[in-house]
Amino acid sequence: MAAEAIAANGVLAPPRRFPVTRRLFRHRLFVTGLILFGSMLFLAVAADWIAPHNPMRMQFRMRFRPPGEGFLFGTDNFGRDIFSRLCFGARLSLGIGFAVVIVNGVFGTAIGLIAGYFRRADEWLMRVMDALMAFPAVLLALAIAAALGPSAANAVIALSVVYIPRTARIVRATVLVVREMDYVQAARAFGGRDLWIIFRHILPNSLAPLIVQLTFIFAYAVLAESILSFLGVGPPPPTPTWGNMIAEGKDYIREAWWIAMFPGLAICLTVLGLNLLGDGLRDVLDPRLKVQQG
Amino acid sequence: MFWYAARRIAASVPVLLLVTLISFSMMHLVPGDPAAAIAGSGATNAEIEAIRLQLGLDKPFLVQLATWFGGLLQGDLGRSILLNRPVWQAIVERLPITLPLALFALALTLLIGIPAGVIAALRANTWVDQAVTGLAMLGVSVPSFWLALMLIVLFGVHLEWLPTGGFVPFSEDPAAWARSMVLPSISLALLQIGLLARITRGTMLEVLRQDYVRTARAKGLPGWMVIGKHALKNVMVPVVTVIGISFGLLLSGSIVIETVYGMPGIGRLIANAIFGRDYPVIQGGLLLTGTILVLLNLVVDLLYAVIDPRVRYGR
Amino acid sequence: MSALLEIEDLAVAFRTERGEVEALSGVSLSVGDGQSFGVVGESGSGKSLTALAVMGLVPDPPGRISRGTIRFAGEKLDARAKARLRGREIAMIFQEPMSALNPVFTVGEQVAEGLRVHERMSHRAASARAAELLGHVGIPDPVRRLSQYPHELSGGMRQRVMIAAALACRPRLLIADEPTTALDVTIQAQILSLLAELQRETGMAVLLITHDLGVIAQVVKRVAVMYAGRVVETGPVVPVFEAPAHPYTRALLRSIPALNEDEVRLPAIPGSVPVPAAWPPGCRFNPRCELADAACTRAAPPLIAVAEDHHAACIRPFAA
């Protein structure tokens, strides 16, 4: 038995324990993700200083300039500098993603806690969550955003709603486990108030899977927001988002491929970075979690 | 098995009712007067009033819901405002375009995703594994509509191997039809291929560690039988779920893919409805996909029980 | 009695993040044709790994056989020969009959598939033979059991199924790795007597691996005691148990509760088997040995004869 256990795990030496941060920084893919996402974040934060041109300024004599020659990533159909628009687009695209993480995190956690902790609420809350999950996320987000009208705030609402069931389920699952643990039972037996037990015992234990989940939701949100913007129900032009930049480039794809290409690359790198961060966090914080996608 | 199936079917009924309710409520999310929003900013009062009457928006919410639900029971999804024809008819007409597209993409997903995941797991921590996991990671990070555009630039514009868009009906020219399907199917499938490869790899690694795989080896079974029979059947349990999820992603993915390639399918119908605030079509599309996915999940659950006999008795 | 299985100077190494580590160092033992041979030791002593090495099932990577030879019926076994003999000439059963049976295939399928692969039997013939085998290992109503799944059977029944599957192709050697550890005491006795009975009937050799000295005493003729990847004492069961020469064997025997005494003493050996990366120099038992001195840390003691046909790896063995 022992020899097989050893053989199966390949653990022949006692495990070395490091603090979480140190283990994270030894995780190669996590660090790669951090660098990718970090650079995109830098573009967004420092847009005012690093963007060489005004992202809104149209110069008709400069239309369709290819990358190089004074314009790093070329110019678009209105002669606007694509690199500058990309930097300011990062602001909105990442900003919407981050807002979704916050709104979704707060509501998803609250619903998950209530469903997991109070049995009476569980049944119907989870039925509603199941029904919301029954729709493809992007389709539902498109429908909600279309109903509410195109704006950044509405995109945040639409995306938060469609991803809430995922967050709520993860939190609920942890609550169901933690609730039965001896120390929580003891706290209840000693007459601990529900709210106090939730905040003192249950929430901290749900944190690891929650952080992993929210990292992936950030990735989905950036991806889904680009679809919303691409189909015209995201923040309306001329304000640049990566999605609406690609939408504008779509019509000129034959002559000026760079208009659509660079914002798409930015989305790829951001989402890739976030996925790598999520995988790394999961490996280190919560190795039991399986791949959660969809 | 019978009782297991009966329980699963009974449990999906309330979910289906909620799906219906959510689909219907979509129109009432519109801030202010939905009739005015649908008619557009340039509409006259008379036009707005006509729409209000056509959609029954003058009646109380519950009456509207009951009317809509009554229509549903008779197979009536309402009338499209833009197309001025029944939603059901509009969807059925476009099925011959979207269905083959989805099936091609699904076939690509299964034929590439599962083998790639299995091979990566068998060659864990080698360059093969790293290549597969890297590509899979990339696959789940690329926006499909952008990939579609880039494929058009590469294969359509530069190499001129494949058409840049448009749709040729099968009856007109089967060869051209097949060529017009290549790029859209690939664009649609990439995300799911990545997803399925990742999950297959993870599950396979888990299964390969199990004692029964060692037993199969100890019995002296050839390698292909150990992997292809004993391991793979256990891997299929979670993979079947992913295929269910995949189908949902294919449906929503077709909205952008059909838009980019200019294919007049169901995805394009829904995209146009979203642009043009054609709420009956949006409602119908939501209801249909939601229902299909709930039923698909039901089928997946029943398949589970067929693959893994423990499930029949467990829950 | 000629030797059926001969292991000589076998070593298995694992690659770890801190370099290669030997988990098995120079194990030698020999099992005669038709003999029952026991390997005993605590968790981590390398007894199961020895069995896996014989079967060619050491997980590679990270493990590999780094030294030594294994002969079966006179033939030197390489990986290819092991693959050929597995399931035909050498069969193996495992500790956990639940996890060792595939949950998604029927019992009949799992017993019959070896026959179909190795003896090219038809589906029907293999099923009939499987039912026969199940009856033979004491499973009531064998034909009905064929279509059941492992989770529908009790632990003892599952182990019987494992045994039936292992015996399907009439192996000459059966390796049983802790076959009764996961079972209830009464079932343990049943399985052990079944194994003994089947051995008498078929004349196969049995290599029984266990940490349970009681099991060894009950069914085997010869025994090898392993500690930290080495054989520390070997010989016929009676002298080894009655006059143990190695301090580890003595300590192991002392830790068996003596039920006939008024006061149940359980002097467990202090400490536990170290992991391979932390094996001490010299005699690997020295940190836990009450008799150890500086000499014990210098070199690994070889197996030396302490009596006729009885060897121990200790520089100051107890005299018989």
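Some remarks on the sheet that holds strand E1 (residues 3-16) of chain C
Residues and elements named next belong to chain C.
Link 1 in the chain: Overall, antiparallel pairing links the 4 strands, which are arranged E2-E1-E4-E5 in an open sheet. The outermost strands of the open sheet, each flanked by one partner alone, are strand E2 (19-32) and strand E5 (75-76).
Link 2 in the chain: Lying over the sheet, helix H1 (residues 47-55) contacts E1, E2 and strand E4 (63-72), oriented at roughly 105 degrees with respect to E1.

A look at the interface of chain A and chain B
By a widespread convention, an interface's size corresponds to the accessible area lost as its parts come together.
Link 1 in the chain: At the junction of the two partners, chain A supplies 47 residues and chain B supplies 49 residues.
Link 2 in the chain: Summing both sides of the interface, chain A and chain B together bury roughly 4,200 Å²; the carbon and sulfur share of this comes to 78%.
Link 3 in the chain: Of all residues in chain A, the largest losses of buried area upon contact with chain B belong to A:Phe135, A:Leu139 and A:Leu231, amounting jointly to 14% of the total for that side.
Link 4 in the chain: Joining chain A to chain B, the criterion identifies 1 salt bridge.
Link 5 in the chain: Put simply, B:Arg198 and A:Asp279 hold a salt bridge, and the shortest N to O gap is 3.3 Å.

Quick look at the packing of aromatic side chains
Link 1 in the chain: All chains considered together, the criterion is met by 10 aromatic pairs over all chains.
Link 2 in the chain: With a centroid separation of 5.3 Å and 40 degrees between ring planes, the pair formed by B:Phe24 and B:Trp68 is classed as tilted. Highlighted residues: B:Phe24 in helix H1 (residues 2-25) and B:Trp68 in helix H4 (residues 61-73), separated in sequence by 44 residues.
Link 3 in the chain: Take B:Phe24: its relative accessible area is 4%, and that puts it in the buried class.
Link 4 in the chain: Plain terms: the ring middles of C:Tyr227 and C:Phe285 are 5.1 Å apart, the flat faces sit at 80 degrees to each other, and that makes the pair edge-to-face. Linking C:Tyr227 in strand E9 (residues 222-227) with C:Phe285 in the loop between helix H11 (247-254) and strand E11 (304-307), this pair joins segments that are 58 residues apart in sequence.
Link 5 in the chain: The structure contains a cluster of three or more aromatic residues connected by ring pairs, namely A:Phe37, A:Phe98 and A:Phe218.

A look at empty space enclosed by the protein
Link 1 in the chain: Tallied over the full model, the rule gives 6 cavities of 30 Å³ or more.
Link 2 in the chain: Elements with a minimum of two residues in the lining of the largest cavity: helix H7 (137-148), helix H10 (194-230) and helix H12 (258-285) of chain A together with helix H8 (174-208) and helix H10 (223-261) of chain B.
Link 3 in the chain: Residues belonging to the lining of the largest cavity are distributed by class as follows: 17 nonpolar, 8 polar and no charged.

Concerning the packing of helix H7 (residues 144-158) of chain B against H8(B)
All names here are of chain B.
Link 1 in the chain: Running from amino to carboxyl end, H7 crosses H8 at an angle of 145 degrees, the nearest separation of the two axes being 9 Å. Crossing angle aside, the handedness with which H7 passes H8 is right-handed. Residues Ser-144, Leu-147, Ala-148, Leu-151, Ile-152 and Phe-155 of H7 touch H8, and the partners they reach there are Leu-183, Ile-186, Ser-187 and Leu-190.
Link 2 in the chain: Its residues placed into classes, the contact of H7 with H8 shows 8 nonpolar, 2 polar and no charged.

Quick notes on the domain arrangement of chain B
All names here are of chain B.
Link 1 in the chain: Once the domains are mapped, chain B shows domain 1 (2-73) and domain 2 (88-313).
Link 2 in the chain: Counting from both sides, the interface comprises 19 residues of domain 1 and, opposite them, 16 residues of domain 2.
Link 3 in the chain: Roughly 1,600 Å² is buried in total at the junction of domain 1 and domain 2, and carbon and sulfur atoms are behind 76% of that figure.
Link 4 in the chain: Three residues, Tyr-4, Leu-16 and Ser-23, lead the burial of domain 1 against domain 2; their summed loss comes to 32% of the area buried on that side.
Link 5 in the chain: Joining domain 1 to domain 2, the criterion identifies 1 salt bridge.
Link 6 in the chain: Arg-8 is paired through a salt bridge with Asp-301; the nearest N and O atoms lie 2.3 Å apart.
Link 7 in the chain: For the side of domain 1 that touches domain 2, the secondary structure elements donating two or more residues are H1, helix H2 (34-39) and H4.

A few points about helix H5 (residues 123-136) of chain C
Residue and element names in this part refer to chain C.
Link 1 in the chain: If you check H5, its first and last C-alpha atoms are 20 Å apart, about what 14 residues at 1.5 Å a residue would give, namely 20 Å.
Link 2 in the chain: Where H5 is buried, its residues contact helix H4 (107-118), helix H6 (142-145) and helix H7 (155-167).
Link 3 in the chain: Two residues or fewer past H5, Gly-138 is found with a positive phi of approximately 85 degrees.

Observations regarding a nonpolar patch on the surface
Residues and elements named next belong to chain A.
Link 1 in the chain: On the surface, Phe-98, Ile-102, Val-103, Val-106 and Phe-107 cluster together into a nonpolar patch covering about 450 Å² of accessible area.
Link 2 in the chain: Mapping Phe-107 onto the fold places it in helix H5 (residues 82-117).
Link 3 in the chain: For Phe-107, a relative accessible area of 48% gives the class partly exposed.

Considering the nonpolar core
Link 1 in the chain: Of all hydrophobic cores here, the largest spans 146 residues; its most connected members are A:Phe230, A:Trp242 and B:Tyr261.
Link 2 in the chain: Per-element accounting of this core gives the leading share, 19 residues, to H10(A).
Link 3 in the chain: Both domain 1 (2-73) and domain 2 (88-313) of chain B contribute no fewer than three residues apiece to this core.
Link 4 in the chain: Apart from the residues within four sequence positions on either side, B:Tyr261 is in contact with B:Ala148, B:Leu151, B:Ile152, B:Thr164, B:Gly165, B:Gly166, B:Leu183, B:Pro184 and B:Ser187.

With respect to the environment of A:Val20
Residues and elements named next belong to chain A.
Link 1 in the chain: With respect to the helices, strands and loops of the structure, Val-20 is situated in helix H2 (residues 20-26).
Link 2 in the chain: Look at Val-20 and you get partly exposed, because its relative accessible area is 35%.
Link 3 in the chain: Along the backbone, Val-20 and Leu-203 are 183 residues apart, and their C-alpha atoms lie at a distance of 19 Å.
Link 4 in the chain: When neighbours within four sequence positions are excluded, Val-20 is seen to be in contact with Val-284 and Leu-285.

Conventions we followed
- Residues numbered from 1 in each chain as written.
- Chains lettered and ligands numbered in written order.
- Predicted model: local features only at pLDDT ≥ 70, side-chain atom pairs only at ≥ 80, totals over all residues.
- Heavy atoms only, no water.
- Pairing = 2+ DSSP bridges.
- Helix = DSSP H or I, 4+ residues; strand = E, 2+ residues; numbered from the N terminus.
- Contact = heavy atoms within 4.5 Å.
- Axes fitted to C-alpha atoms, helices over the stretch in contact; angles between N-to-C directions.
- Buried area = accessible area lost by both parts, 1.4 Å probe.
- Salt bridge = Lys/Arg side-chain N within 4 Å of Asp/Glu carboxyl O.
- Phe/Tyr/Trp six-rings, centres within 6.5 Å; stacked < 30°, edge-to-face > 60°.
- Buried < 20%, exposed > 50% of the residue type's maximum accessible area, 1.4 Å probe, protein only.
- 1 Å grid on protein atoms, 1.4 Å probe; cavity = no way out; pocket = protein on both sides within 12 Å on 5 of 7 lines; lining within 4 Å.
- Points joined across faces, edges and corners; volume = space filled by probe spheres on them.
- Nonpolar A, V, L, I, M, F, W, Y, C, P; charged D, E, K, R; others polar.
- Left-handed = near helix turned anticlockwise from the far one by under 90°.
- Domains from an automatic or database assignment.
- Expected span 1.5 Å × (residues − 1).
- Patch = residues over 30% accessible without salt bridge, like charges linked within 9 Å, V, L, I, M, F, W, Y side chains within 5 Å.
- Areas by Shrake-Rupley, 256 points an atom, 1.4 Å probe, with all protein chains shown as cover.
- Core = buried A, V, L, I, M, F, W, Y, C linked by side-chain atoms within 4.5 Å.

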